[in-house]
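Chain residues, written in single-letter form:
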Amino acid sequence: MVQWMSISTGFEPDMPIARDFWTADDALGYAPYADAIAAFVRHRGTRPPLTIGVTAPWGAGKTSLMRMVQERLDPRADRDRWTATPLRLSDDARRSLRPKRGAADEPVTNRELLARTTEPVPDTDDLDVQPPHSRRIPDDEWRPTVWFNPWMYQSGEQIWAGLAYEIITQVTGRLKPADRERFWLALNLRRVDRQALRRRIYQQLAERFLPWLLWLGLAVAIALIGVLVAIVVPPAADALRAVSAGLASVGGATFVAGSVVAALRFLRSRAAVPFGPLLQVPNPVQAAAGQAGAGMKGAYPDLVPDPRYESRLGFLHLVQTDMRRVLDLVATERRPLVVFVDDLDRCSPGTVVQVIEAINLFLAGEFPHCVFVVAMEPAVVAAHVEAVYKDLASQPAAPTLGWRFLEKIVQLPLSLPPPDPDRQRSRYMTALLDQPRGSVPPATAEPAASPPVTPPLDSAEEPSASPSSPPAEAPGAGAADDAGRAARVRLLEIAIRRRSPVTDTLAAAALQAQKEVLPEAGDNLLPETSEAANRVLVGLYSDDEARTAIVAGVPGLDSDNPREIKRFVNLFRFYRFVVQQQQLQGLPPVSGAEIAKLAAFAIRWPHLLAEAARGNLGRWEQGDVAGAPILPTPLLNFLRTEPRIGAAGERLL
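**Some thoughts on the overall build of the protein chain**
- For the protein chain, the count of helices and strands is 26 helices and nine strands.
- For the protein chain, the proportion of its 653 residues judged to be buried stands at 48%.
- Residue pairs at least 24 apart in sequence account for 79% of intrachain contacts in the protein chain once pairs closer than 6 positions are excluded.

**So, the packing of helix H13 (residues 349–363) against helix H16 (residues 401–409)**
- Two elements in contact, H13 and H16, have axes whose closest approach is 10 Å; the angle formed by their N-to-C orientations is 30°. Between H13 and H16 lies a crossing whose hand is left-handed. Contacts between H13 and H16 pair Ile356, Asn360 and Leu363 from the former with Phe405, Leu406, Lys408 and Ile409 from the latter.
- When the residues that make up the contact of H13 with H16 are grouped by side-chain class, the tally is five nonpolar, one polar and one charged.

**Some points on the environment of Val281**
- With respect to the helices and strands, the residue Val281 is situated in the loop between helix H9 (237–268) and helix H10 (284–291).
- Ignoring any residue separated from it by four or fewer positions in sequence, one finds Val281 in contact with Tyr165, Ile168, Thr169 and Trp184.

**Remarks on the sheet that holds strand E7 (residues 337–341)**
- A sheet is described by the order of its strands in space; here five strands give the open sequence E6-E7-E8-E1-E9, paired in parallel fashion. Here the strands that pair on one side only, and so sit at the sheet edges, are strand E6 (145–148) and strand E9 (412–415). Neighbour to neighbour, the strand axes of the sheet diverge by 20° on average, direction disregarded.
- Sheet topology places E7 next to strand E8 (residues 370–376); five bridges connect them, and they run parallel. For Leu337, the partnering residue across the bridge sits in E8 and is Cys370.

**A look at the side chain of Asn534**
- Locating Asn534 in the fold gives a position in helix H20 (residues 527–540).
- Under the relative-accessibility criterion, Asn534 is labelled buried at 11%.
- At 2.2 Å, the side chain of Asn534 forms a polar contact with the side chain of Gln581.
- In contact with Asn534, not counting residues within four places along its chain, are Asp35, Gln581 and Leu584.

**Some details on the confidence of the model for the protein chain**
- A residue-level look at the protein chain finds 77% of positions with pLDDT of 70 or above and a mean pLDDT of 76.
- For the stretch residues 1–17, pLDDT sits under 50, and the model shows eight contacts to residues farther than four places along the chain or on other chains.
- Segment residues 433–477: pLDDT under 50, and 84 contacts once partners within four positions in sequence are set aside and those in other chains are kept.

**Description of the side chain of Glu531**
- The residue Glu531 is located in helix H20 in this model.
- Residue classification places Glu531 among the buried positions, given a relative accessible area of 17%.
- Here the side chain of Glu531 touches Arg535 through a polar contact of 3.0 Å, side chain to side chain.
- Residues in contact with Glu531, not counting those within four places in the same chain, are Arg136, Arg485 and Val489.

**Let's talk about the packing of aromatic side chains**
- Per the counting criterion, the structure on display carries ten aromatic pairs.
- Taking 6.4 Å as the distance between ring centres and 50° as the angle between the ring planes, the aromatic pair formed by Tyr33 and Phe574 counts as tilted. Here Tyr33 is found in helix H2 (residues 31–42), whereas its partner Phe574 is found in helix H22 (residues 562–584), with 541 residues between them in sequence.
- Centroid distance Phe574 to Tyr575: 6.4 Å. Interplanar angle 50°. Geometry classified as tilted. The pair formed by Phe574 and Tyr575 is uniform in burial state, with each residue classed as buried.
- Of the aromatic side chains, those joined through ring pairs into one cluster are Tyr33, Phe574 and Tyr575.
- In this structure, Arg67 is placed above the aromatic ring of Trp147, and the distance from its NZ or CZ to the ring centre is 3.6 Å.

**A look at a nonpolar patch on the surface**
- A cluster of nonpolar side chains, Ile225, Val227, Leu228, Val229, Ile231, Val232 and Val233, forms an exposed patch at the surface whose accessible area comes to about 630 Å².
- Of note, Val232 is situated in helix H8 (residues 194–232).
- You can call Val232 exposed: its relative accessible area is 67%.

**A few points about the pairing of strand E1 (residues 50–55)**
- With six of six residues buried, E1 lies mostly within the body of the structure.
- Judged by which residues are buried, E1 turns out to be covered on both faces: Leu50, Ile52 and Val54 on one side and Thr51, Gly53 and Thr55 on the other are all buried.
- Where E1 meets E8, six bridges bridge the pair, whose relative direction is parallel. From the neighbouring strand, Gly53 faces E8, where its bridge partner is Val374.
- As paired elements, E1 and E9 share four bridges and run parallel to each other. Among the inter-strand pairings, Gly53 is bridged to a residue of E9, identified as Pro413.

**Section: the environment of Arg199**
- Assignment of secondary structure puts Arg199 in helix H8.
- Accessibility expressed as a relative area gives 54% for Arg199, which makes it exposed.
- Considering only alpha carbons, one finds Arg199 and Leu114, 85 residues apart in sequence, at a separation of 9.5 Å.

**Some words on unusual backbone geometry**
- Residues Pro48 and Pro49 are joined by a peptide bond in cis, for which omega reads 0°.
- Turning to its location among the elements, Pro49 is positioned in the loop between H2 and E1.
- The backbone phi angle of Trp82 is positive, close to 55°, even though this residue is not glycine.
- With respect to the helices and strands, the residue Trp82 is situated in the loop between strand E2 (76–78) and strand E3 (83–84).
- With relative accessibility at 11%, the residue Trp82 sits in the buried group.
- Within the chain, Ser500 stands out as a residue other than glycine whose phi angle is a positive 50°.
- Its relative accessible area of 58% is what places Ser500 among the exposed residues.

The rules behind these values
- Residues numbered from 1 in each chain as written.
- Predicted model: local features only at pLDDT ≥ 70, side-chain atom pairs only at ≥ 80, totals over all residues.
- Heavy atoms only, no water.
- Helix = DSSP H or I, 4+ residues; strand = E, 2+ residues; numbered from the N terminus.
- Buried < 20%, exposed > 50% of the residue type's maximum accessible area, 1.4 Å probe, protein only.
- Contact = heavy atoms within 4.5 Å.
- Axes fitted to C-alpha atoms, helices over the stretch in contact; angles between N-to-C directions.
- Left-handed = near helix turned anticlockwise from the far one by under 90°.
- Nonpolar A, V, L, I, M, F, W, Y, C, P; charged D, E, K, R; others polar.
- Pairing = 2+ DSSP bridges.
- Polar contact = N/O pair within 3.5 Å; in protein donor to acceptor, adjacent residues only side chain to side chain.
- pLDDT = per-residue confidence, 0-100.
- Phe/Tyr/Trp six-rings, centres within 6.5 Å; stacked < 30°, edge-to-face > 60°.
- Lys NZ or Arg CZ within 6 Å of the ring centre and 35° of its normal.
- Patch = residues over 30% accessible without salt bridge, like charges linked within 9 Å, V, L, I, M, F, W, Y side chains within 5 Å.
- Areas by Shrake-Rupley, 256 points an atom, 1.4 Å probe, with all protein chains shown as cover.
- Salt bridge = Lys/Arg side-chain N within 4 Å of Asp/Glu carboxyl O.

Shown next, in the form of structure tokens:
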């Protein structure tokens, strides 16, 4: 039918299909959660190592939320391609790695590599980087980030290697090429035989002389032939001897000149061509697949004297050393590296357990300056864990082994709520369906070009034309736009602080500041105002204000386990951050007692969060359990106590 209409009328159907892809443009109302997570990570009281679990069903927008958090912590240089902002080594680090000859911004040359074989190896223990100096956030709020998709490394032995490889390559990949080459050269020179490397460089240099040596040999051979002919033909002996001597002289001079030029060209050329493996990260994924050292060891078998380098275990030990150096480069206790782990629930059961065990290695203190943000559907992940440990899961004493396994590594479990049907859901549908259209031309006319569509200035808060496509910035937006926005945020922050707000009055102070600084903005908070209020909020929040509610809520846990109490306090703090964000959006406050009771519910009965998030919590409080899963008696008794948390659950779960 469509084909017939197209042929007979010239009608061409326009049926755009939105692809299933993440976006950093908020069309689901997740911005308050992204702001809260970013503020929680930056807060002075947050100390790594830490794992934040973002839990929601498949397709709920977990990846998009994490991309929004990543952008708030580590702004992108190009939102179209989602490329990271380049990093620069500190001045002290560049001086430590700088060659004695040549500029620090130039790539490593063969001459520098030759000199490094006799010089002391630069110390890499105290190297660090400068913040990227983004106009979007102050330097002290920047946190380095890494993105890890474990399903790309489905082999169990590759998981740890893959995680290490992503951390190493994504961090060092942001350095300037020259800085990156010298960083890896300093590390790799510690594990190679430098005398063997020196001999290898001389061998490469000698190979450049070979063509000119052949030319010299040919010239000498021709000269000898001339001398022999001169003996046989006496009348022409003088002329032949003169020609032979001249040819030998020219051949020698040409050999010397050509060899000097070849040597200078080789010494000035980039070392990455003949000695690339020395200037880049080893690939631990190849090691985990049984190809350890395939790059450096395979190319230069005489450079690596340690036979353990060829073994899988020995190679991964070197990778751990490299990762520790890389983490020392960018991560500190006050500025931890934030690792986003996506699509954990899409992995096979064995892979899920391997990822959890890899994260546990960080939490155990081996690499302490890291914060993990893990997206997952907890019921699926728990089922995968129980499938791997089915013998233990079948024991009567451990009916929820998978959930206990998650509780061990996730200190802050966050349940992502579904979109509000009256606000976010309609906004999301509008963003999906209201695609820009050009005018319909007559059948005989040339198609008219669609008018240009200019996205809003701050696309992180407004829905784009297609939120299922990768994020894009407004055409023409550049340094001037970023500088203007940063100036507005700063003025708003000053105006808010001048009113000396507390957490409960911050929303009103932010609105008053907006009316003062941007009187034409109206009564709805602009994204710039929300950002300024968030900066103030980070400094305002204190457990002292919520101490009474926290202490009163602890008995609701029905547990004296220190880990459970710590998880409860973390979740309480996060819910407080979210409520503050929602108050900035005009929603009413939620009492500390309600937040404490809701946090206790989330910690004690995590397997019921999905059902509670569907609006069932209020029904259960009223005794309506029709159609609900079997609710334990302690939960029913818990819900009968005050305060009621049904309304708070609809906002926070």
